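Residue-level structural notes
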Amino acid sequence: EDPSLERHFKGHRDAITSVDFSLNKKQLASGSMDSCLMIWSMRPQMRAYRFVGHKDAVMCVQFSPSGHLVASGSRDKTVRLWVPSVKGESTVFKAHTATVRSVHFSNDGQSLVTASDDKTVKVWTVHRQKFLFSLSQHINWVRCARFSPDGRLIVSASDDKTVKLWDKTSRECIHSFCEHGGFVNHVDFHPSGTCIAAAGTDNTVKVWDVRMNRLLQHYQGNAVVNSLSFHPSGNYLVSASNDSTLKILDLLEGRLLYTLHGHQGPATCVAFSRAGDLFASGGSDEQVMVWKTNFDAADYGDVLKTQKSGASVDRTHHTLQSEMDCGVHLKKTKTQDASRNQEQQEEETSLANTLEHIMGQLDVLTQTVSILEQRLTLTEDKLKECLENQQKIIQNKMS
């Protein structure tokens, strides 16, 4: 079954830069060029929270593994850690000397890695927000940095056209992948930790093996690829491109599965939920969309099971106490939805009209046939009568 659009959030006043789901899928965080971070509730009728604090564009957002914190990096050179509740409290730390492009928690939730236009990658302790060390071999802006699933490696992508692999313990660069034709906008580890995928301005998605340092797969698109996300099963990857499309790649088959059109203008960011049954996308059209994955459910049933056992531990922690009803907000979204989906509705209406017309024609045909049948029956009856009369006449003559 094809992926389908599930929810549609409006509230940002500029391009979306980043999206991420909380572990339990109850919340979705988005960052925008409007300097705001928004937390959307996935439950209908619940209000969205707008967090104000950054003095300039929010470039990246991410939930901590437990879901109790959201990290954001901004053009104001700071990183903020927010509590995703009604108060929206945050602590701020001066992380870099230039725009912070990327924030990422390690899987144990203890460390944070940040990447910046100051050409460095920095690692911090989360709870004391204490700076640990810098990785500084890039010679241009660093767009993205990610921990490996086991936390032992860090991958970073820079406008110096390299993707670098670092050993977190020795802080050494173990390998540089230099084969990209353009800049790399986004990079991430496969859930197995054995390979990485990079999204490039050369319209490609490339998958590299980090054990043998060789190119495994190469997908050529028609537009700059801004972002990508691995499905938790490791079998799929979704990418967001400047041609406004999201593409789902089947990594096992090595081919494009779906191309999704939802955004008007560049699709800037995309992320699967931690269980893989949903993914979210953001665009320069200021919209955040949530999609139902729908494909290959059997494939990630096991993933869901393991995720569920992890999530049950999480339920003991408090959920948002004061989520107020937001029917108004939802109605507003619906009317805005209507304008966005106007073309679609027009198409559907014209289709409905055509169908109605066909049904009408069918009705006419049915009626015609039934009239003809009646006439036939009448004619047959008449004929029968004539024959019977003839028989009678003959009999009379004979007698």
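Just so it is clear, the structure is predicted and the values come from calculations on it, not from any experiment.

Here is what the cut-offs are and how they apply
Residues numbered from 1 in each chain as written. Predicted model: local features only at pLDDT ≥ 70, side-chain atom pairs only at ≥ 80, totals over all residues. Heavy atoms only, no water. Pairing = 2+ DSSP bridges. Helix = DSSP H or I, 4+ residues; strand = E, 2+ residues; numbered from the N terminus. Axes fitted to C-alpha atoms, helices over the stretch in contact; angles between N-to-C directions. Buried < 20%, exposed > 50% of the residue type's maximum accessible area, 1.4 Å probe, protein only. Patch = residues over 30% accessible without salt bridge, like charges linked within 9 Å, V, L, I, M, F, W, Y side chains within 5 Å. Areas by Shrake-Rupley, 256 points an atom, 1.4 Å probe, with all protein chains shown as cover. Salt bridge = Lys/Arg side-chain N within 4 Å of Asp/Glu carboxyl O. Lys, Arg positive; Asp, Glu negative; His and termini not counted. Charge placed at Lys NZ, Arg CZ, Asp CG, Glu CD. pLDDT = per-residue confidence, 0-100. Contact = heavy atoms within 4.5 Å. UniProt positions renumbered as here; feature names shortened; annotations may be inferred. Phe/Tyr/Trp six-rings, centres within 6.5 Å; stacked < 30°, edge-to-face > 60°. Polar contact = N/O pair within 3.5 Å; in protein donor to acceptor, adjacent residues only side chain to side chain.

**Comments concerning the sheet that holds strand E18 (residues 184–189)**
Pairing between sheet strands relies on hydrogen bonds along the backbone, with the strands arranged either parallel or antiparallel. If you walk across this open sheet you meet the 4 strands as E18-E19-E20-E21, and the pairing is antiparallel. What marks the edges here is a single partner per strand, and that holds for E18 and strand E21 (214–220). Taken pair by pair, the neighbouring strands of this sheet meet at an average axis angle of 20°, ignoring direction. As paired elements, strand E20 (residues 204–209) and E21 share 6 bridges and run antiparallel to each other. Residue pairing for E21: Asp-209 is matched across the bridge by Arg-214.

**Details of the pairing of E20**
Among the 6 residues in E20, 6 count as buried, and that is most of the element. Side chains Thr-204, Lys-206 and Trp-208 of E20 all project onto a buried face; the interleaved residues Val-205, Val-207 and Asp-209 project onto the opposite face, where all are buried too. Across 5 bridges, strand E19 (residues 195–200) lies against E20 in antiparallel orientation. From the neighbouring strand, Ala-198 faces E20, where its bridge partner is Lys-206.

**Structural notes on a negative patch on the surface**
Residues Glu-380, Asp-381, Glu-385 and Glu-388 make up a contiguous surface patch of negative charge. Among the secondary structure elements, Glu-385 is positioned in helix H3 (residues 342–398).

**Some points on the confidence of the model for the protein**
Averaged over every residue, the pLDDT of the protein is 86; residues scoring 70 or more account for 86%. Throughout residues 300–340 the model reports pLDDT below 50, and contacts reaching past four residues in sequence, or to other chains, amount to 52 contacts.

**Side note on the side chain of Arg-101**
Position of Arg-101 among the secondary structure elements: in strand E10 (residues 100–105). For Arg-101, the contacting residues outside a window of four places in its chain are Met-59, Cys-60, Ala-115, Ser-116, Asp-117, Trp-141, Val-142 and Arg-143.

**Points about the UniProt feature "repeat: WD" (unreviewed entry) in the protein**
Summarizing the sequence annotation, UniProt attributes the feature "repeat: WD" (unreviewed entry) to residues 9–50, 51–82, 93–134, 135–176, 177–218, 225–259 and 260–292 in the numbering used throughout. The straight-line gap between the two end C-alpha atoms of residues 225–259 is 13 Å; of that span, 0% is helix and 66% is strand. For the annotated span residues 260–292, helix accounts for 0% and strand for 61% of the residues, and the straight-line distance between the end C-alpha atoms is 12 Å.

**Focus on the packing of aromatic side chains**
Working definition: an aromatic ring pair is given by the centre-to-centre distance plus the angle between the planes. What the rule picks out here adds up to 8 aromatic pairs. Residues Tyr-49 and Phe-51 carry aromatic rings whose centres are separated by 6.3 Å and whose planes lie at 5° to one another, so their mutual orientation is stacked. For Phe-51, a relative accessible area of 4% puts it in the buried group. On the numbers, 6.0 Å between centres and 5° between planes, the contact of Phe-279 with Trp-291 is stacked. Pair noted here: Phe-279 is in strand E27 (residues 278–283) and Trp-291 is in strand E28 (residues 287–292), with a separation of 12 residues, a long-range link. Pair check on accessibility: Phe-279 and Trp-291 agree, each one buried. A connected cluster of aromatic rings, assembled from ring pairs, spans Tyr-49, Phe-51 and Trp-82.

**With respect to the environment of Ala-115**
Note that Ala-115 resides in strand E11 (residues 111–116). Given the relative accessible area of 0%, Ala-115 is considered buried. A sequence separation of 14 residues divides Ala-115 from Arg-101, and the C-alpha atoms of the two residues are 5.7 Å apart. Once you skip the residues sitting within four places of it in the chain, Ala-115 turns out to touch His-96, Thr-99, Val-100, Arg-101, Ser-102, Thr-120, Val-142, Cys-144 and Ala-145.

**Observations concerning the side chain of Ser-35**
Looking at where Ser-35 falls in the secondary structure, it is placed in the loop between strand E3 (27–32) and strand E4 (36–41). Assessed through its relative accessible area of 17%, Ser-35 is described here as buried. A polar contact of 3.3 Å, which involves the side chain of Ser-35, links it to the backbone oxygen of Asp-56. Filtering out sequence-adjacent residues up to four positions away, Ser-35 remains in contact with Phe-51, His-54, Lys-55, Asp-56, Ala-57 and Val-58.

**Thoughts on the sheet that holds strand E2 (residues 16–21)**
Strands sit in the order E2-E3-E4-E5 across an open sheet of 4 strands; the sheet is antiparallel. Each having just a single partner strand, E2 and strand E5 (49–52) make up the two edges of the open sheet. On average, each strand axis in the sheet is inclined to that of its neighbour by 20°, with strand direction left out of account. One ladder, built from 5 bridges, connects E2 with E3; its direction is antiparallel. Within E3, the residue paired with Val-19 across the bridge is Ser-30.

**Digging into the pairing of E28**
For E28, the buried fraction is high: 5 of the 6 residues fall into the buried class. When strand E1 (residues 4–10) meets E28, the two strands line up antiparallel, connected through 6 bridges. When the sheet's bridge partners are listed, Arg-7 is paired in E28 with Val-290. Both E27 and E28 contribute to a ladder of 5 bridges, which runs antiparallel. From the neighbouring strand, Ala-280 faces E28, where its bridge partner is Val-290. Joining the antiparallel neighbours E27 and E28 is a turn of 3 residues, in which Glu-286 adopts a positive phi near 70°.

**What to know about the environment of Asp-243**
Mapped onto the secondary structure, Asp-243 falls in the loop between strand E23 (236–241) and strand E24 (245–250). Look at Asp-243 and you get partly exposed, because its relative accessible area is 27%. For the pair Asp-243 and His-263, spaced 20 residues apart in sequence, the C-alpha separation works out to 9.2 Å. In this structure, Asp-243 is in contact with Asn-222 and Ala-223, ignoring residues within four places of it in sequence.

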